[in-house]
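Residues per chain are reported as follows:
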Amino acid sequence: MAEVLGPQRLGPLTRFVGDWEGDVGVDLSYHNKDDETGQTSYFEKAWFHPIPMQENGQQQLEGLKYGMVAWRHGEEAMEPFHDEVGYLLWDKQRGQVMRAVVFGRGIAVLAGSSAGPRDRTLHFNSRPGNPDYGILQNKYLLERAELRSFDSTFTFNDDGTLSYTSDLVLKLAAQGGKEMHHTDRNTLRLVKRIHPGSDNA
C-alpha cells in the first residue's frame, strides 16, 4: 500500500518533528588529555520543533529549531560532552536544505545541499571560506584543531528510526598538522510527538 501524506509544508524536514533519543552513539575523536584517538559510546537526546516561516525578500524558508545533547555512557547523570543548537531550513523553490548550527566549542556552521520535498536521506556539507555553506571557528581552534570540512547525513529508516553520521576533518597541531576524521553516528527513536493533541499544544 502506498504511503499517504499530507501537504508537507516542511518538505523533507517533516519527519524530524518531535523529540528523539538514541543509545547507540559512537564518537571517534582525538582525546587531547591522552594524546590518542579513540572511540566513545554515548546516549543522546534531540528535539526538532517547527518555527514560523522566515522571509528573506522573495525567499521563503520553512524550518525547525533543534538541539542535540549527548552524554558518555556511564556519565548520564553528569554534564554532557556534546551540546549543539541550531536550525534546519527548507527552501522549496530552490530545492535546498540547510543546517545552521552553533557548537558550544566556538564553532558556527551553515551547511546544506540539494534535496527533494520527500527525500528520506538529507546531506549537509560545508567548507571554510565558502561564501554560502561555510564554517567559522574561534582563533584557538584555527591554531590547534582547524576544522577543514563538515559533512553530515540524516536518514529516515523504514522502522521509523532516524540515523545520522557526521564527519569533521580536523588539522591537529598536536599531531604535527596531520588531518584526522572526527566521526559520530547514532540511531534515534521518536519518544514524543509535537502535535495539537499532545502536551506541546
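Residues numbered from 1 in each chain as written. Predicted model: local features only at pLDDT ≥ 70, side-chain atom pairs only at ≥ 80, totals over all residues. Heavy atoms only, no water.

A. Here's a closer look at the environment of Phe103. Within the secondary structure, Phe103 is located in strand E5 (residues 96-103). In this structure Phe103 comes out as buried when scored by relative accessible area, which is 12%. Each C-alpha atom of the pair Phe103 and Gln137 lies 9.6 Å from the other, and the pair is 34 residues apart in sequence. Sequence-distant contacts of Phe103, defined by excluding residues within four places in its chain, comprise His82, Asp83, Glu84, Val109 and Phe150. (Helix = DSSP H or I, 4+ residues; strand = E, 2+ residues; numbered from the N terminus. Buried < 20%, exposed > 50% of the residue type's maximum accessible area, 1.4 Å probe, protein only. Contact = heavy atoms within 4.5 Å.)

B. Highlighting the side chain of Asp184. Structurally, the position occupied by Asp184 is in strand E11 (residues 178-192). Side chain to side chain, Asp184 and His182 meet in a polar contact 3.4 Å long. In this structure, Asp184 is in contact with Val26, Asp27, Tyr42, Tyr164, Thr165 and Ser166, ignoring residues within four places of it in sequence. (Polar contact = N/O pair within 3.5 Å; in protein donor to acceptor, adjacent residues only side chain to side chain.)

C. Quick look at the nonpolar core. Membership of the largest hydrophobic core comes to 39 residues, with the highest contact counts inside it found for Leu13, Phe16, Phe48, Val109 and Leu162. If we skip the residues at most four places from it in the chain, Phe48 touches Phe16, Val17, Gly18, Trp20, Leu64, Lys65, Tyr66, Leu88, Leu162 and Ile194. With five residues, the next largest nonpolar core counts Leu61, Leu89, Met98 and Tyr133 among its residues. (Core = buried A, V, L, I, M, F, W, Y, C linked by side-chain atoms within 4.5 Å.)

D. Fine view of the pairing of strand E3 (residues 59-72). Burial runs high along E3: eleven of the 14 residues are buried. With 13 bridges connecting them, strand E2 (residues 36-56) and E3 associate as antiparallel partners. From the neighbouring strand, Gln54 faces E3, where its bridge partner is Leu61. The loop that links E2 with its antiparallel partner E3 comprises two residues; one of these, Gly57, has a positive phi angle of about 60°. Sheet analysis places E3 next to strand E4 (residues 82-91), joined by nine bridges and oriented antiparallel. Counted as the bridge partner of Ala70 is His82 from E4. (Pairing = 2+ DSSP bridges.)

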